Amino acid sequence: MSDTPRTVTRFAPSPTGRLHVGNIRTALHNFLKARQQGGTFLLRIDDTDAERSKEEYVEAIRSDLAWLGMGPDGEERQSQRLETYEAGFAKLKTSGRVYPAYETAQELDLKRKILLGRGKPPIYDRAALALTDEQRAEKEAAGIAPHWRFKLDHDTPISWEDGVRGPQSFDPAQLSDPVIRRADGSWLYMLPSALDDIAMGVTDVIRGEDHVSNTAMQIQMFEAMGAAQPAFAHTALLVGKEGKLSKRLGSLGCDAFREADIEPMAINALLARLGTSRPVEPIADMNTLVEGFDLATFSRAPAKFDDEELTRLNAALVHAMDYAEAAQRLPEGMDEAAWHAVRPNLSKVSEAQDWWRIVTGPIELPQFSVEDQSFLALAADTLSWDSEDPWHELTGALKEQTERKGKALFLPLRLALTGQGSGPDMRELLPVIGEEKARSRLQRAAGG
Ligand code: GLU
């Protein structure tokens, strides 16, 4: 056995809304990393904020991850781990790494404004640390419950080798001691997350670069707890094509993708490669994404999410999709030949039903000219089902019997048989429509 610990990654959403592209991407990175290393991918529900967390979102997160093909190997909930946080907190209290503070939000705001007004960074002045026991007792006697801050060690510079950003270093004196616990005893994100990462043996944390300064502070929490820190990687943010992720699918929840009938692998294939030096390709197999996952290919520049790229990728996946995979989502009666006939014309699987309706009919026919009508009457008589390829046979025979070729030959036939000016290859579609229906459509188009 090697000494390297087994890879454990986690995806840690707060259940305050549906998953959106940004956090799906983070989930995917952690999933791919764990799978690639033969490790464990955990779902950690960050639900310490009882007011904003909702059970319906917890369920939606589970079902969205399952739908995306990223079912976790285990699930933890912060709301059920309060004892761990109490124990960690007690330890840090004993070692003097947490301290009570009594400022109100207004007081803190004022302090920040004053510092900013003097052109200084709005770093907390640690006034609470200077309070005497007596002063603290007075506050508490006056009914002011403290909130708690983690005391950063100003003498230990913070540095780590970031999997995406390279060497990172922070001067702890340039950071405010983070508030870790509210006056009502509830927890803020920072400490529970670090304590969980320790307790769950998390080896790798991949998350958005909005967490970089949290990481700096959490590294000191790992140290204060006497635990090894995980490897951190902070990915560049996802932005929309025009700068922000504000429009259409890019800003919506995973439910919007599901309702829009986007293939989960189209989302995965796009999000796995966005912001990397690898090309975005229509990859239908998660294992291919697992094998190709490599933080070294990640760029520090913001990654651009484009709805249209997703739509294109989706269409490419549908065009290559086997019948067996699509079958359950196809209309009743639609067989493999029909799927193969219409597949190249779909950008989503659900569009198959439009073509299936055309195949099964009834269809609306346009009004044909007198010349076209007699041509279509001839077509109805000529139609034969003797060969493998009735379309080839029909058009070949009509070409010989009439002066028609190209569009004049093909378009009236297509219009009569499908009611549409364009669509799937008729060579494949005609056998799906079937002889009887094809003949009667031609006859009806001919005015008969
Ligand atoms: N709940 C945090 C978030 O959604 C988790 C961050 C993390 O530690 O990965 O931002």
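Note: the structure precedes this text.
This is a predicted model, so every value here is computed, not measured.

Attention shifts here to the overall build of the chain. Helix and strand counts for the chain come out as 20 helices and 12 strands. Taking 2.2 N^0.38 as the reference for a compact globule, 448 residues should give roughly 22 Å; the C-alpha atoms of the chain span a radius of gyration of 31 Å, well beyond that estimate. Overall, the chain is about 110 × 55 × 40 Å in size when its C-alpha atoms are taken along their principal axes. Counting contacts in the chain only where the partners sit at least 6 residues apart, residues at least 24 apart contribute 74% of the total. Taken as a whole, the chain presents about 21900 Å² of accessible surface, with 49% of it coming from carbon and sulfur.

This paragraph deals with the side chain of D47. Tracing the sequence through the fold places D47 in the loop between β2 (40-45) and α2 (55-68). Judged by relative accessible area, D47 falls into the buried class, the value being 6%. Of note is the side chain of D47, whose polar atom sits 3.1 Å from the side chain of R77. Ignoring anything within four residues of it in the chain, the contact list for D47 reads P15, S53, R77, Q78 and S79.

Taken together, R10, A12, S14, D46, Y189, S193, R207 and H211 make up the full set of residues near the ligand. Take R10: an N or O atom from its side chain is 2.7 Å from an oxygen atom of the ligand. In the model, an oxygen atom of the ligand is placed 2.7 Å from a nitrogen or oxygen of the R207 side chain. Coverage of the ligand by the protein amounts to 79% of the 290 Å² it exposes when considered alone. Among the cavities detected, the one that contains the ligand is the largest pocket. Taken together, the residues that form the shell around the ligand break down as 2 nonpolar, 3 polar and 3 charged.

Once that is clear, we can look at helix α3 (residues 82-94). In this model, α3 (13 residues) spans 18 Å end to end at C-alpha, consistent with the 18 Å of a helix rising 1.5 Å per residue. Restricting attention to buried positions, one finds in α3 the residues Y85, G88, F89 and L92. Down the axis, α3 shows its buried residues gathered within 100 degrees of arc, on one side only. For α3, the exposed residues lying more than 90 degrees away from the buried face are E83 and T94. Of the residues trailing α3, G96 is marked for its positive phi of about 75 degrees.

Secondary-structure assignment places W356 in helix α15 (residues 352-360). With a relative accessible area of 15%, W356 lands in the buried category. Sequence spacing of W356 and S176 is 180 residues, and the spatial spacing of their C-alpha atoms is 63 Å. Apart from residues lying up to four places away in sequence, W356 is in contact with P331, E332, G333, M334, A338 and V432.

Further remarks concern the packing of helix α16 (residues 370-382) against helix α18 (residues 406-418). With their axes 10 Å apart at the nearest point, α16 and α18 run at an angle of 75 degrees to one another. By the angle class used here, α16 and α18 are roughly perpendicular. On α18, the residues that touch D372, F375, L376 and A379 of α16 are A408, L409, P412, L413 and A416. Residues that form the contact of α16 with α18 fall into these classes: 8 nonpolar, no polar and 1 charged.

Aromatic ring pairs: the centre-centre distance and the angle between the two ring planes describe each pair. Tallied over the full model, the rule gives 9 aromatic pairs. With 5.1 Å between their ring centres and 90 degrees between their planes, F89 and W148 make a pair best called edge-to-face. Separated by 59 residues along the polypeptide, F89 in helix α3 and W148 in strand β5 (residues 147-150) bring together distant segments of the chain. Residue F89 is classed as buried on the basis of its relative accessible area of 5%. With relative accessibility at 15%, the residue W148 sits in the buried group. One aromatic cluster in this structure is built from Y85, F89, W148 and W187. The lysine or arginine in question, R149, covers the ring of Y124, its NZ or CZ lying 3.6 Å from the ring centre. Between the NZ or CZ atom of R181 and the centre of the ring of F89, over which it lies, the distance is 4.9 Å.

Right, let's get into the pattern of salt bridges. Following the criterion strictly, the structure yields 28 salt bridges and no others. Residues R10 and D197 are paired through a salt bridge, measuring 2.8 Å at the closest nitrogen-oxygen approach. You can see R10 sitting in strand β1 (residues 8-11) and its partner D197 sitting in helix α6 (residues 190-199), a full 187 residues away along the chain. Via salt bridges that share partners, R10, R44, D46, R81, D196 and D197 belong to a single interconnected network.

Tallying each qualifying case throughout the model produces 1 cavity of 30 Å³ or more. Size it by volume and the largest cavity reaches roughly 60 Å³. In terms of lining residues, the largest cavity is bounded by L32, A272, R273, T276, R278, L289, G292, F293, D294, T297 and F298. Looking at the lining of the largest cavity, the elements that each hand over two or more residues are α10 (264-273) and α11 (286-292). Taken together, the residues of the lining of the largest cavity break down into 5 nonpolar, 3 polar and 3 charged.

Right, let's get into the sheet that holds strand β4 (residues 98-101). A sheet is described by the order of its strands in space; here 3 strands give the open sequence β4-β5-β8, paired in antiparallel fashion. Lying at the two open borders of the sheet, with one neighbouring strand each, are β4 and β8 (179-181). Neighbour to neighbour, the strand axes of the sheet diverge by 45 degrees on average, direction disregarded. Bridge analysis of β4 against β5 gives 4 bridges, and the strand direction is antiparallel. Each bridged residue has a counterpart across the sheet, and for V98 the counterpart in β5 is F150.

With respect to the secondary-structure elements, P412 resides in helix α18. Taking the C-alpha atoms as reference points, P412 and L442, 30 residues apart in sequence, are found 9.5 Å from one another. Discounting residues that sit within four places of it in the chain, P412 has contacts with F368, D372, F375, L376, R404 and K407.

Rules used in this analysis
Residues numbered from 1 in each chain as written. Predicted model: local features only at pLDDT ≥ 70, side-chain atom pairs only at ≥ 80, totals over all residues. Heavy atoms only, no water. Helix = DSSP H or I, 4+ residues; strand = E, 2+ residues; numbered from the N terminus. Rg over C-alpha atoms; globule rule 2.2 N^0.38 Å. Contact = heavy atoms within 4.5 Å. Areas by Shrake-Rupley, 256 points an atom, 1.4 Å probe, with all protein chains shown as cover. Buried < 20%, exposed > 50% of the residue type's maximum accessible area, 1.4 Å probe, protein only. Polar contact = N/O pair within 3.5 Å; in protein donor to acceptor, adjacent residues only side chain to side chain. Near = heavy atom within 4 Å. 1 Å grid on protein atoms, 1.4 Å probe; cavity = no way out; pocket = protein on both sides within 12 Å on 5 of 7 lines; lining within 4 Å. Sits in = over half its atoms within 2 Å of the grid points. Nonpolar A, V, L, I, M, F, W, Y, C, P; charged D, E, K, R; others polar. Expected span 1.5 Å × (residues − 1). Arc of directions from axis to C-beta. Axes fitted to C-alpha atoms, helices over the stretch in contact; angles between N-to-C directions. Parallel < 35°, antiparallel > 145°, perpendicular 65-115°, else oblique. Phe/Tyr/Trp six-rings, centres within 6.5 Å; stacked < 30°, edge-to-face > 60°. Lys NZ or Arg CZ within 6 Å of the ring centre and 35° of its normal. Salt bridge = Lys/Arg side-chain N within 4 Å of Asp/Glu carboxyl O. Points joined across faces, edges and corners; volume = space filled by probe spheres on them. Pairing = 2+ DSSP bridges.

Everything listed here is a matter of geometry and, on its own, says nothing about what the molecule does.
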